[in-house]
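# Report on the structure
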Amino acid sequence: MKRIFDITASGLGLVALSPVFLILAVWIKTDSKGPVFYRQTRVGRGNKDFRLFKFRSMRPDSDKGSLITIGGRDPRVTRSGYYIRKYKLDELPQLINVFKGDMSLVGPRPEVRKYVNMYTQEQMEVLKVRPGITSLASIRYRNENDVLAAASDPEQAYIEQVMQDKLKLDLEYVKKAGFWYDIKLIFSTFNAIRK
């Protein structure tokens, strides 16, 4: 039932949002050089790598340094990227990942391999389900970049505080995962974005 919902909702979403995709693509291209989409290897269900789609919000080759972004003061973020990130519009292309089956609409946010390699055996349980576009952790940490911007060492703050808290919430999701719980989290996400 969850997979049928994911296919249907992501397919309809891609069609309905195609004008928004076009507008964002033009904005990204006119704002800075580089591709419209950013593709990054993330770790998905079963500890397998996949390529995640996002609208590019940073200057090309920005991922060659730190993988942590620090909100509005991060010089790698483009002008359009600031707003695209603020309203979570950079995540919309992940509907493609959902349609393909790499992801679900709801599930633990997929992490890069560098950080997954730091997981404990218990934390690896989050890889038993498909990663999602939204989750309880992403709702609670919707201002994650601002939290990291306030830290003297954003990378250390991410690893020791943010990542640990998010993994606790993700493990809670794995235990509760179900169709109606997903619907509840989708509505909670819309409410959080509007604030």
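Just so you know, these numbers come straight off a predicted model, no measurement behind them. (Residues numbered from 1 in each chain as written. Predicted model: local features only at pLDDT ≥ 70, side-chain atom pairs only at ≥ 80, totals over all residues. Heavy atoms only, no water.)

### A look at the overall build of the protein
When its secondary structure is counted, the protein shows nine helices and four strands. Start at the N end of the protein and walk to the C end: the helices and strands fall as α-α-β-β-α-α-β-α-β-α-α-α-α. Over its C-alpha trace the protein gives a radius of gyration of 16 Å, about what one expects of a compact globule, namely 16 Å for 195 residues. Along the longest, intermediate and shortest principal axes, the C-alpha atoms of the protein span 45 × 40 × 30 Å. Counting only residues that meet the buried cut, the protein has 49% of its 195 residues in that class. Here the analysis covers contacts within the protein between residues at least 6 apart in sequence; of these, 68% occur between residues at least 24 apart. Averaged over its 34 positive side-chain charges, the protein has a centre that lies 5 Å from the centre of its 21 negative ones. (Helix = DSSP H or I, 4+ residues; strand = E, 2+ residues; numbered from the N terminus. Rg over C-alpha atoms; globule rule 2.2 N^0.38 Å. Buried < 20%, exposed > 50% of the residue type's maximum accessible area, 1.4 Å probe, protein only. Contact = heavy atoms within 4.5 Å. Lys, Arg positive; Asp, Glu negative; His and termini not counted. Charge placed at Lys NZ, Arg CZ, Asp CG, Glu CD.)

### Examining the packing of aromatic side chains
Applying the stated rule across the entire model yields nine aromatic pairs. Relative to Y83, the ring of W27 lies with its centre 6.4 Å away and its plane at 25 degrees, an arrangement referred to as stacked. Linking W27 in helix α2 (residues 18-31) with Y83 in helix α3 (residues 79-86), this pair joins segments that are 56 residues apart in sequence. Overall, W27 belongs to the partly exposed group, its relative accessible area being 35%. Judged by relative accessible area, which is 41%, Y83 ranks as partly exposed. Ring centres of Y173 and Y181 lie 5.9 Å apart, and the angle between their planes is 25 degrees; on these two criteria the pair is classed as stacked. The exposure class assigned to Y173 is buried, which follows from its relative accessible area of 1%. Taken together through their ring pairs, the aromatic side chains of F21, F37, F53 and F55 make up a single cluster. (Phe/Tyr/Trp six-rings, centres within 6.5 Å; stacked < 30°, edge-to-face > 60°.)

### What to know about the pattern of salt bridges
For the coordinates displayed, the defined rule picks out 11 salt bridges. R113 is the salt-bridge partner of D49, the closest N and O atoms lying 2.7 Å from each other. Within this pair, whereas D49 is found in strand β2 (residues 49-55), its partner R113 is found in helix α5 (residues 113-116), the two being separated by 64 residues in sequence. Given the relative accessible area of 28%, R113 is considered partly exposed. Note that E172 and K176 form a salt bridge whose closest N and O atoms lie 3.3 Å from each other. With E172 and K176 both in helix α8 (residues 154-176) and four residues apart, the pair spans about one turn of that helix. According to the relative accessible area criterion, E172 is partly exposed, its value standing at 29%. (Salt bridge = Lys/Arg side-chain N within 4 Å of Asp/Glu carboxyl O.)

### So, the side chain of R42
Structurally, the position occupied by R42 is in strand β1 (residues 37-43). The charged side chain of R42 is buried without a salt bridge, its nearest counter-charge being E111 at 5.3 Å. At 2.6 Å, the side chain of R42 forms a polar contact with the side chain of Q40. Within the local environment of R42, its side chain forms a polar contact with the backbone oxygen of P110, the two atoms lying 2.6 Å apart. Setting aside residues no more than four positions away along its own chain, R42 makes contact with K48, D49, F50, L52, K54, R109, P110, E111 and V112. (Polar contact = N/O pair within 3.5 Å; in protein donor to acceptor, adjacent residues only side chain to side chain.)

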